[in-house]
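If you want the building blocks of each chain, they are given just below.
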Amino acid sequence: MLVVDLLHEFELGVWKVIFTHLLRLLDAAKQGRVHELNRHYCQVPTFSWDTIQCFRSNSSKMKKMAARDFKDLLLCSIPVFEDLLPEPHNDFMMKLLFLLCHWHGLAKLCMHTEDTLRLMESVTVMLGNHLRTFTNETCATFSTKELHREAEAQTRRQARETLLKQGVFSRQPNNTYTSTRKAKTLNLQTYKLHALGDYVEQIQTYGTTDSYSTQGSLSTMLKKIDLFIQAKKSSFHNLLQLNDESLPDKPEDCYHIGQTQNFPEDLIPFVRKNSADPLMKNFILQLKAHLLPRVQALHEANVFMDLPEPSVTADATDIEALSMLNQVVFQRD
């Protein structure tokens, strides 16, 4: 059995549908009521850092809004919508908004008692009855049509479907299609609206709605932050282990290749430090003579060529010729 989902069923479901239809009512009432609604929302100040955030300049467009934005629209709806409709429809609208806020507040409680559950059940019944009254009295009085954005979106969708049937694939159809606003009423025959009656029973069985809401909670966010900090500490510990690279002291190893390039060795101090070793005689010149033909082959053929070892030994007499290796410069064609 699936539990209730306050985020999608009410905030992004029932309330969004009712808010959209209230905009249709204001648009049908004319006299710039929608613009006045936007102005009222802009005048609402913020409260705390996560309770009421700053509203957009055009809240009626509902563009790029998250669930928290619709929640803020609901919490501030009573003073914003007040007196935007003539009487007695204004009273019906105010009572509807009050019942929606009341029910939403009860559903968001983090602790319930038998009294609060009985209150929520009675508010649910009152909300359903008043929705039917509001539909029969107020919605039937005004001839509501689709909002301009709804009509334009439907026209674009129909234009894309027509182009697809013709075999033309285009995300931006031409603007030759005209949008016609159709009549639109408030639909009460939806699952999300009828699911509001299951909340009391679900809360009694599974606990409060914050226990299984799909909306991210503060505890979940703190857990993610803690995991991120632990991951950073682990990576820093691994980095310290890489920085602690010590040379192996094994005579049987002919060479050692470092794991990183964080510990370069300067050849001149290296030769001076090991000057007692016979292998250090002309070591730098022999190393350059060993690397020179290979680097040259890489630049010329862009492949590694297994060239023979140059005949440079510790007994070489032409040291001046080998010293010319310090002045060799390669130029890429």
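As shown above, the structure is provided for reference.
Here's what I pulled together on the structure shown here. None of the values given here were measured: they were computed from a predicted structure.

1. Some thoughts on the overall build of the protein chain
Here's step 1: Check the secondary structure of the protein chain and you find 13 helices and 0 strands.
Here's step 2: When the helices and strands of the protein chain are read in sequence order from the N terminus, they spell out α-α-α-α-α-α-α-α-α-α-α-α-α.
Here's step 3: Excluding contacts between residues fewer than 6 apart, the proportion of contacts in the protein chain whose partners are at least 24 apart in sequence is 65%.
Here's step 4: Carbon together with sulfur atoms contributes 55% to the accessible area of the protein chain, which is approximately 23000 Å² in total.

2. Remarks on the state of the cysteines
Here's step 1: Within the structure shown, the criterion is met by 0 disulfides.
Here's step 2: With no disulfide of its own, Cys101 lies closest to Cys76 among cysteine sulfurs, the gap being 8.7 Å.
Here's step 3: The class of Cys101 is buried, set by a relative accessible area of 17%.

3. What to know about the environment of Ser59
Here's step 1: As for its placement among the helices and strands, Ser59 is situated in the loop between α2 (33–42) and α3 (67–75).
Here's step 2: Classification of Ser59 by relative accessible area gives buried; the value is 0%.
Here's step 3: When the C-alpha atoms of Ser59 and Phe70 are compared, they prove to be 9.7 Å apart, with 11 residues separating the residues in sequence.

4. Side note on the pattern of salt bridges
Here's step 1: A complete count under the given rule lists 6 salt bridges for this structure.
Here's step 2: The salt bridge involving Glu36 is made with Arg39; its shortest N-O contact spans 3.9 Å. Here the residue Glu36 and the residue Arg39 both occupy positions in helix α2, the gap between them amounting to 3 residues, near one helical turn.
Here's step 3: Judged by relative accessible area, which is 27%, Glu36 ranks as partly exposed.
Here's step 4: Within this structure, Glu114, Asp115 and Arg118 form a network of salt bridges that share partners.

5. Section: the environment of Cys54
Here's step 1: The residue Cys54 is located in the loop between α2 and α3 in this model.
Here's step 2: It is 9.2 Å that separates the C-alpha atoms of Cys54 and Asp69, two residues lying 15 residues apart in sequence.

6. Focus on unusual backbone geometry
Here's step 1: Here the bond from Glu87 into Pro88 is cis, since omega is 0 degrees, no more than 30 degrees from zero.
Here's step 2: Relative to the assigned elements, Pro88 resides in the loop between α4 (77–81) and α5 (89–107).
Here's step 3: Unlike most non-glycine residues, Met62 shows phi in positive territory, near 55 degrees.
Here's step 4: Summarising the element assignment, Met62 is placed in the loop between α2 and α3.
Here's step 5: The buried category is assigned to Met62, whose relative accessible area is 11%.
Here's step 6: Unusually for a residue other than glycine, Asp83 sits at a positive phi of about 65 degrees.

7. Observations concerning the packing of helix α1 (residues 6–29) against α5
Here's step 1: Taken N-terminus to C-terminus, the directions of α1 and α5 make an angle of 170 degrees; their axes are 12 Å apart at the nearest point. One finds that α1 runs roughly antiparallel with respect to α5. Only Met93, Leu96, Leu97, Leu100, Trp103, His104 and Ala107 of α5 make contact with α1, whose side of the interface consists of Leu6, Phe10, Glu11, Trp15, Ile18 and Leu22.
Here's step 2: Tallied by class, the residues present in the contact of α1 with α5 amount to 11 nonpolar, 1 polar and 1 charged.

8. Concerning the packing of helix α6 (residues 114–139) against helix α9 (residues 199–206)
Here's step 1: Running from N to C, α6 and α9 cross one another at 160 degrees; their axes reach a closest spacing of 9 Å. Comparing their axes, α9 and α6 come out roughly antiparallel. Facing α6, whose interface residues are Leu117, Met120 and Glu121, α9 presents Tyr199, Val200, Ile203 and Gln204.
Here's step 2: Split into classes, the residues belonging to the contact of α6 with α9 amount to 5 nonpolar, 1 polar and 1 charged.

9. Examining α2
Here's step 1: Turning to α2, its buried residues are Arg33, Val34, Leu37, Asn38, His40 and Tyr41. The buried residues of α2 all sit within an arc of 160 degrees when viewed along its axis, so they share a single face.
Here's step 2: If you follow the buried residues of α2, they end up packed against α1, α3 and α4.

10. Here's the deal with the packing of aromatic side chains
Here's step 1: Tallied over the entire structure, the rule returns 6 aromatic pairs.
Here's step 2: A centroid spacing of 4.9 Å and a plane angle of 35 degrees characterise the contact between Phe10 and Trp103, whose relative ring orientation is tilted. One end of the pair, Phe10, is in helix α1; the other, Trp103, is in helix α5, with 93 residues separating them in the sequence.
Here's step 3: The class of Trp103 is buried, set by a relative accessible area of 0%.
Here's step 4: Relative to Phe283, the ring of Phe270 has its centre 6.3 Å away and its plane inclined at 55 degrees; by these criteria the two rings are tilted. Placement of Phe270 in helix α11 (residues 267–273) and of Phe283 in helix α12 (residues 283–301) is noted, with a sequence separation of 13 residues between them.
Here's step 5: Accessibility expressed as a relative area gives 26% for Phe270, which makes it partly exposed.

How each quantity is defined
- Residues numbered from 1 in each chain as written.
- Predicted model: local features only at pLDDT ≥ 70, side-chain atom pairs only at ≥ 80, totals over all residues.
- Heavy atoms only, no water.
- Helix = DSSP H or I, 4+ residues; strand = E, 2+ residues; numbered from the N terminus.
- Contact = heavy atoms within 4.5 Å.
- Areas by Shrake-Rupley, 256 points an atom, 1.4 Å probe, with all protein chains shown as cover.
- Disulfide = S-S within 2.5 Å.
- Buried < 20%, exposed > 50% of the residue type's maximum accessible area, 1.4 Å probe, protein only.
- Salt bridge = Lys/Arg side-chain N within 4 Å of Asp/Glu carboxyl O.
- Axes fitted to C-alpha atoms, helices over the stretch in contact; angles between N-to-C directions.
- Parallel < 35°, antiparallel > 145°, perpendicular 65-115°, else oblique.
- Nonpolar A, V, L, I, M, F, W, Y, C, P; charged D, E, K, R; others polar.
- Arc of directions from axis to C-beta.
- Phe/Tyr/Trp six-rings, centres within 6.5 Å; stacked < 30°, edge-to-face > 60°.

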